[in-house]
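What follows is the residue order along each chain.
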Amino acid sequence: MPTFVYMTSCDGCGHCVDICPSDIMHIDKTYRRAYNIEPNMCWECYSCVKACPQNAIDCRGYADFAPLGHSVRTLREEEKGTISWKIKFRDGTEKNFVSPIRTTPWGSIKSPSDYALPSQEALKSQELAHEPEALNIEGGLPALTRDQLKQGVV
Amino acid sequence: MFASNPFAELSGLVSPALMQAYVVIMIILVAGGTIYDVLHKRSAKYFFDNWRNSQSKGTHQVGGAELTSLAVQTAMSEVLTSSEFCNPHRRAAHLLTMYGFILYVLTTVIMVFGYPTPATSTPTILPTLWTIGALSVCAGGYWFWFFIRADVAAEGNSPFRLIRADLFIVSLLASVTLGLIWAFLQSNGSSWTTVFLALYLIATTVLFGSVPWSKFSHMFFKPAAALQKRVSEADGTRRNLPPPADKPEIFGSARRQPRHY
């Protein structure tokens with residue numbers, strides 16, 4: 001379901017242009033509003049839909065489940081940490097979904113540039129950046145012993 | 001320059017009646033251009049279709065008193081304080097430009113019609129407010145133009161790339177900047193005064209005459225869109241958006257931290 005923009009709601013702030021991983025959200029040259037320049041290349045990640053502060057971006061539902069008269073709308077609530085979806089079908093059926101966006105408080109994730117540069121020793125380590133802290137496991141990585149391998153879960 | 005009425009000084013070269021006729025023509029161009037824009041793009045039809053659609057599907061009928069209250073709230077919030085902008089820099093630049101432009105236009109009209117010649121002494125406050133308004137437009141407009149515009153800040157295009165969407169902001173900045181330069185040169189008796197007067201008039205005519213092709217009329221359309229948004233929230237349709245999440249305590253930052261990896 002590629003995305004499209006309601007031109008009357010968009011204020012041309014550029015959030016979707018910044019966030020689109022496919023770089024297909026651009027600013028229209030006539031009206032200075034955002035638009036999806038190539039729906040065929042849309043990854044359908046809905047980053048733009050969720051990021052739009054004006055709720056001006058929508059999803060164009062596929063014809064097999066949401067033909068004429070449908071609507072697929074989403075609402076991101078940062079303070080609650082939720083993303084809600086409302087799917088409206090042509091026959092009037094509505095489906096509502098609420099999901100958590102993330103597990104940490106809004107604004108608590110530091111960008112890579114906020115961290116100190118790694119040392120040469122750290123670069124030679126098997127661990128990736130910020131591990132093991134970033135894995136959220138206290139006391140290092142768990143180690144499996146041979147007799148635990150067939151148990152499935154540590 | 002701050003204390004002298006530039007239009008009274010101009011009356012030696014151009015008759016007050018001609019200046020007043022020019023202002024009236026500009027007002028007619030804005031009104032006519034907006035009406036043409038509304039008819040050509042069918043924006044009014046789209047607006048009222050949405051309005052009727054929202055009314056028929058709403059869970060709550062918005063009455064006249066409630067509608068008036070919503071209109072007042074829209075005027076106080078979205079119109080007067082540009083609250084719809086999420087970026088505080090963009091909002092500040094917009095407010096500087098908007099209030100500067102209002103001040104600049106109002107004082108221009110008052111000076112042209114009320115104090116068109118040196119014979120009627122102009123209160124010092126008017127040319128001072130005219131200059132402050134013009135400087136405010138320049139501050140907000142150039143800030144927006146060079147640093148905030150999405151096609152520059154987000155898309156990385158050159159600030160000097162011109163597209164049709166720039167017609168309004170470019171003609172506005174050109175008109176105000178050239179007006180300030182013209183007023184300054186005129187107050188100093190420079191020989192370049194006439195040249196800058198001509199450039200000022202060209203830029204101003206483009207600003208007010210290009211309404212159907214520029215974003216000038218957004219100042220009328222955006223408040224209507226903001227009102228429609230408020231009405232859709234009041235009547236329960238919420239532009240088809242989902243209702244606010246009702247169980248945030250089990251989601252987001254309140255959610256138990258995962259222990260797996």
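The structure under discussion appears in the preceding block.
Residues numbered from 1 in each chain as written. Chains lettered and ligands numbered in written order. Predicted model: local features only at pLDDT ≥ 70, side-chain atom pairs only at ≥ 80, totals over all residues.

Draft legend 1. Examining the overall build of chain A more closely. Counting its regular elements, chain A contains three helices and seven strands. Written out in order from the N terminus, the α and β elements of chain A read β-α-β-β-α-β-β-β-β-α. Residues classed as buried in chain A amount to 23% of the 154 residues present. Contacts in chain A between residues far apart in sequence, at least 24 positions, make up 43% of those at least 6 positions apart. (Helix = DSSP H or I, 4+ residues; strand = E, 2+ residues; numbered from the N terminus. Buried ≥ 20, exposed ≤ 12 C-beta atoms within 10 Å, placed from the backbone. Contact = placed C-beta atoms within 7 Å.)

Draft legend 2. Just the interface of chain A and chain B, in detail. The interface of chain A with chain B comprises 39 residues on the first partner and 30 residues on the second. For the side of chain A that touches chain B, the secondary structure elements donating two or more residues are α1 (15–19), β2 (25–27), β5 (71–77), β6 (82–88) and β7 (94–100) of chain A. Taken together, the residues of the side of chain A that touches chain B break down into 13 nonpolar, 16 polar and 10 charged. (Nonpolar A, V, L, I, M, F, W, Y, C, P; charged D, E, K, R; others polar.)

Draft legend 3. The environment of R32 of chain A, seen in detail. Relative to the helices and strands, R32 of chain A resides in the loop between β2 and β3 (34–36). Overall, R32 of chain A belongs to the buried group, with 22 C-beta atoms counted inside 10 Å. Residues in contact with R32 of chain A, not counting those within four places in the same chain, are G12 and I27 of chain A together with A165 and K215 of chain B.

Draft legend 4. Expanded view of the nonpolar core. Counting residues in hydrophobic clusters, the biggest one holds 51 residues, and the most contacted among them are C16 and V17 of chain A. At nine residues, helix α8 (residues 167–187) of chain B tops the list of elements feeding residues into this core. Apart from the residues lying within four places of it in its own chain, the contact partners of V17 of chain A are M25, H26, I27 and A34 of chain A together with A150, A154 and E155 of chain B. (Core = buried A, V, L, I, M, F, W, Y, C linked by C-beta atoms within 7 Å.)

Draft legend 5. Expanded view of the pairing of β5 of chain A. For β5 of chain A and β6 of chain A, the ladder comprises seven bridges, and the chain directions are antiparallel. Residue pairing for β6 of chain A: S71 of chain A is matched across the bridge by K88 of chain A. (Pairing = 2+ DSSP bridges.)

Draft legend 6. Fine view of the packing of helix α3 (residues 43–57) of chain B against helix α10 (residues 218–234) of chain B. Residue and element names in this part refer to chain B. It is the contact of α3 with α10, at a shortest axis distance of 11 Å, that shows an interaxial angle of 10°. As the angle between them shows, α3 and α10 are arranged roughly parallel. Between α3 and α10, the residues in contact are S43, F47, N50, W51 and S54 and F221, A224, Q228, V231 and S232, respectively. Counted by class, the contact of α3 with α10 contains five nonpolar, five polar and no charged residues. (Axes fitted to C-alpha atoms, helices over the stretch in contact; angles between N-to-C directions. Parallel < 35°, antiparallel > 145°, perpendicular 65-115°, else oblique.)

Draft legend 7. Focus on α10 of chain B. Residues and elements named next belong to chain B. The end-to-end C-alpha separation of α10 is 24 Å, in line with the 24 Å expected for 17 residues at 1.5 Å each. Within the span of α10, buried status applies to A225, A226, L227, Q228, K229, V231, S232 and A234. Elements that come into contact with the buried residues of α10 comprise α3 and α4 (64–81). Looking one or two residues beyond α10, the residue adopting positive phi is G236, at roughly 95°. (Expected span 1.5 Å × (residues − 1).)

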